[in-house]
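Commentary on secondary and tertiary structure
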Amino acid sequence: INEGQTLSYNLKDRFIDADNNQDNLNINVYLIGSDGNTKTLPDWMSLNDEGLLSISPQNDDVGSYNLQIKATDPLGLSTKQVVNLDVGNVNRSPFPIDSYLNDWNQIKDNDILFYERDIFLRQEISLTLSKLFSDEDLIHDDSLTYLLSIDRELWSSEIDDFASISQFGALNIF
């Protein structure tokens, strides 16, 4: 399953009881912690009385999980099964942090948002790009690369005699 998806599994279908109907099985599910002990399910997983496990992970839930599924029949006999659940990351687009440019003018043109600011001749401006852009996938070791363009066709880390991006992610306008 990937983050942002919602899936449901009927866990009673994983078990067969020769003496009882599947509908009579009681199902419990536990998360197995890194210490080997069982824990309650996280908020993005739920199990109903019918044995239906619903899973709806988000970006913070990406990772691998071990679940212990326990089926108990009406006479109290039980069996356990351990399964692995992998939650995959879905790469998300970076986004601007608008508050960083509070003192700039916003211009919208053909559904594209531009920021504008007057600067004086020989005035220099430096922007820390990591404060201007973010990405929710940074928690999964994603990284951002910054490039400049005058025409939105040719991209580079420098525009001659105008602006450059330093190796530390600072946009310098000169």
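Residues numbered from 1 in each chain as written. Predicted model: local features only at pLDDT ≥ 70, side-chain atom pairs only at ≥ 80, totals over all residues. Heavy atoms only, no water.

1. Some remarks on the pairing of strand β10 (residues 112–116)
Basically, it comes down to this: Following DSSP output, two strands are said to pair if at least two bridges run between them. We count a stretch as a helix when DSSP gives it H or I for four or more residues in a row; a strand needs E for two or more, and each element gets its number in order from the N terminus.
Inspection of the sheet shows strand β9 (residues 105–109) paired to β10 by five bridges, in the antiparallel sense. What sits directly across from Asn105, in β10, is Glu116. Count of turn residues in the β9/β10 antiparallel hairpin: two residues, of which Asn110 carries a positive phi of about 50 degrees.

2. What about the side chain of Asp17?
To keep things clear, this is the line we draw: Working definition: with a 1.4 Å probe on protein chains only, accessible area under 20% of the residue-type maximum means buried, over 50% means exposed, and in between means partly exposed. None of His or the chain ends enter the tally, which takes Lys and Arg as positive and Asp and Glu as negative. Just to be clear on terms, a salt bridge is a Lys or Arg side-chain nitrogen sitting within 4 Å of an Asp or Glu carboxyl oxygen. Counted as a polar contact is a pair of N or O atoms within 3.5 Å, where, for protein atoms, one must be capable of donating a hydrogen and the other of accepting one, and residues adjacent in sequence contribute only when both atoms are in side chains. Working rule for contacts: check all heavy atoms of both residues, and any pair within 4.5 Å makes them a contact.
Among the secondary structure elements, Asp17 is positioned in the loop between β1 (7–10) and β2 (26–32). For the buried residue Asp17, which engages in no salt bridge, the nearest side chain bearing the opposite charge is Lys12, 11 Å off. A polar side-chain atom of Asp17 sits 3.0 Å from the main-chain amide nitrogen of Asp19. Engagement of the side chain of Asp17 in a polar contact is seen with the side chain of Asn20, the distance being 3.0 Å. For Asp17, the residues in contact, after removing those within four places along its chain, are Leu25 and Asp73.

3. Some points on the pairing of strand β11 (residues 125–128)
Alternating residues of β11 divide into Ile125 and Leu127, all buried, and Ser126 and Thr128, none buried. In this structure, β11 lies alongside strand β15 (residues 170–173), joined through four bridges in antiparallel fashion. Bridge pairing in β15 places Thr128 opposite Ala170.

4. Focus: the sheet that holds strand β13 (residues 158–159)
Strand order in the open sheet formed by four strands is β11-β15-β14-β13, with antiparallel pairing between adjacent strands. Of all strands in the sheet, those bounded by a partner on one side alone are β11 and β13.

5. What about the pattern of salt bridges?
Applying the stated criterion across every chain, the model contains two salt bridges. With its nearest N and O atoms 3.3 Å apart, the salt bridge here joins Arg92 to Glu3. Highlighted residues: Arg92 in the loop between β7 (78–87) and β8 (95–96) and Glu3 in the segment before β1, separated in sequence by 89 residues. For Arg92, a relative accessible area of 30% corresponds to the partly exposed category. Since its relative accessible area comes to 4%, Glu3 is described here as buried.

6. Overview of the side chain of Thr72
Within the secondary structure layout, Thr72 lies in strand β6 (residues 63–72). For Thr72, the contacting residues outside a window of four places in its chain are Asn24, Leu25, Asn26, Leu77 and Ser78.

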